[in-house]
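# A closer look at the structure
In case you want the letters, here they are:
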Amino acid sequence: MKGIVHSINPQRGMVAIETARHGFTIIELLLDTQIEIGDSMEWSPDTGCGSQTYINNTKGSRMQVFAQNHCVTPAQLRQQLLFLD
């Protein structure tokens, strides 16, 4: 699966990655990792949850993340990223 980093909640370490076919994938960063909006990401399996290895193609790095959710709609993003109102 491939996608582009769409939004980040830096206080919670939550990241939304927009995919072409499956809405948004939500990951939690496990380490202080350099990731920015617009970065191109890649991972396999497509919808694996839990501890996963993701590749940041923009930065040429691999990172351990916790995949939280897949197929998230735009209406669900704020809640999924744990933004407080």
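We now turn to the structure provided with this report.

Reading guide: rules and limits
Residues numbered from 1 in each chain as written. Predicted model: local features only at pLDDT ≥ 70, side-chain atom pairs only at ≥ 80, totals over all residues. Heavy atoms only, no water. Helix = DSSP H or I, 4+ residues; strand = E, 2+ residues; numbered from the N terminus. Buried < 20%, exposed > 50% of the residue type's maximum accessible area, 1.4 Å probe, protein only. Contact = heavy atoms within 4.5 Å. Salt bridge = Lys/Arg side-chain N within 4 Å of Asp/Glu carboxyl O.

Time to look at the environment of Val5. Mapped onto the elements, Val5 comes out in strand β1 (residues 2-9). For Val5, a relative accessible area of 2% puts it in the buried group. Taking the C-alpha atoms as reference points, Val5 and Gln80, 75 residues apart in sequence, are found 14 Å from one another. Setting aside chain neighbours within four positions, we find Val5 in contact with Val15, Ala16, Ile17, Ile35, Glu36, Ile37, Gly38, Asp39 and Met41.

This next bit is on the side chain of Thr19. Here Thr19 is to be found in strand β2 (residues 14-19). Discounting residues that sit within four places of it in the chain, Thr19 has contacts with Met1, Lys2, Gly3, Thr25 and Trp43.

Under the criterion given, the structure shown has two salt bridges. Of the charged contacts, one joins Lys59 and Glu36 as a salt bridge, the two residues approaching to 3.2 Å between their closest N and O atoms. Placement of the pair is Lys59 in the loop between β5 (50-56) and β6 (61-72) and Glu36 in the loop between β3 (24-29) and β4 (40-43), with a sequence separation of 23 residues. Given the relative accessible area of 33%, Lys59 is considered partly exposed. In this structure, a network of salt bridges that share partners links the residues Glu36, Asp39 and Lys59.

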